Amino acid sequence: MEMHVYDTWVKAKDGRTMHFDVFTNTRDDKKAIEYAKQWLTSVGEGDATVSSRECRFCHSEKAPANVEEAINKDGYFIYKMEGCR
């Protein structure tokens, strides 16, 4: 499966910057933002601002098996980087 990577940077409630990627199987900016918001809500950061400024298409690549499984199940996969808990 080809996945599309959206590089995402948002401010958390405590002021820290959260950097994560949204992986999807469709190149759809609005869906990627929706998925970012869903995940942020699930980690208690539902008030974070997420728009096309914070969540941008980066590139496409082949999805590893675990990511493909998550995308098939949930529609997306979040790859946590800086400031994510």
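To start, this report covers the structure provided alongside it. (Residues numbered from 1 in each chain as written. Predicted model: local features only at pLDDT ≥ 70, side-chain atom pairs only at ≥ 80, totals over all residues. Heavy atoms only, no water.)

Thoughts on the nonpolar core
Now for step 1: One finds V10, M18, F20, V22, W39, L40 and V50 to be the most contacted residues of the largest nonpolar core, which totals 18 residues.
Now for step 2: Among the secondary structure elements, those contributing two or more residues to this core are β1 (2-11), β2 (17-24), α1 (29-42) and β4 (76-80).
Now for step 3: Apart from residues lying up to four places away in sequence, V22 is in contact with H4, V5, Y6, T8, A32, Y35, A36, Y76, F77 and I78.
Now for step 4: Residues M3, V5, F23 and A63 belong to the second largest nonpolar core, which totals six residues. (Core = buried A, V, L, I, M, F, W, Y, C linked by side-chain atoms within 4.5 Å. Buried < 20%, exposed > 50% of the residue type's maximum accessible area, 1.4 Å probe, protein only. Helix = DSSP H or I, 4+ residues; strand = E, 2+ residues; numbered from the N terminus. Contact = heavy atoms within 4.5 Å.)

Describing the side chain of E54
Now for step 1: Looking at where E54 falls in the secondary structure, it is placed in the loop between α1 and β3 (55-62).
Now for step 2: No salt bridge is formed by the buried E54, whose closest oppositely charged neighbour, R53, lies at an N-O distance of 5.3 Å.
Now for step 3: Side chain to side chain, E54 and S51 meet in a polar contact 2.6 Å long.
Now for step 4: Residues contacting E54, with those up to four places away along its chain left out, are D7, T8, W9, V10 and T49. (Lys, Arg positive; Asp, Glu negative; His and termini not counted. Salt bridge = Lys/Arg side-chain N within 4 Å of Asp/Glu carboxyl O. Polar contact = N/O pair within 3.5 Å; in protein donor to acceptor, adjacent residues only side chain to side chain.)

Examining the pattern of salt bridges
Now for step 1: Taken as a whole, this structure holds four salt bridges when the rule is applied.
Now for step 2: One salt bridge connects R16 with D14, and the closest N-O pair in it is separated by 2.9 Å.
Now for step 3: We note a salt bridge from D74 to K73, for which the minimum N-O separation is 3.4 Å.
Now for step 4: Among the residues examined, K73 registers a relative accessible area of 68% and is labelled exposed.
Now for step 5: Counted as one network, the salt bridges with shared partners bring together D14, R16 and R85.

Considerations on the packing of aromatic side chains
Now for step 1: This model, assessed by the stated rule, comprises five aromatic pairs.
Now for step 2: Judged by centre distance (5.7 Å) and plane angle (20 degrees), the ring pair of F23 and F77 falls under stacked. Of the two residues, F23 is situated in strand β2 and F77 in strand β4; the sequence distance between them amounts to 54 residues.
Now for step 3: By relative accessible area, which is 21% here, F77 ends up partly exposed.
Now for step 4: For the ring pair F23 and Y79, a centre distance of 6.0 Å and an interplane angle of 10 degrees mean the geometry is stacked. Separated by 56 residues along the polypeptide, F23 in strand β2 and Y79 in strand β4 bring together distant segments of the chain.
Now for step 5: The ring of F57 has R27 sitting right over it, with the charged end atom 3.6 Å from the ring centre. (Phe/Tyr/Trp six-rings, centres within 6.5 Å; stacked < 30°, edge-to-face > 60°. Lys NZ or Arg CZ within 6 Å of the ring centre and 35° of its normal.)

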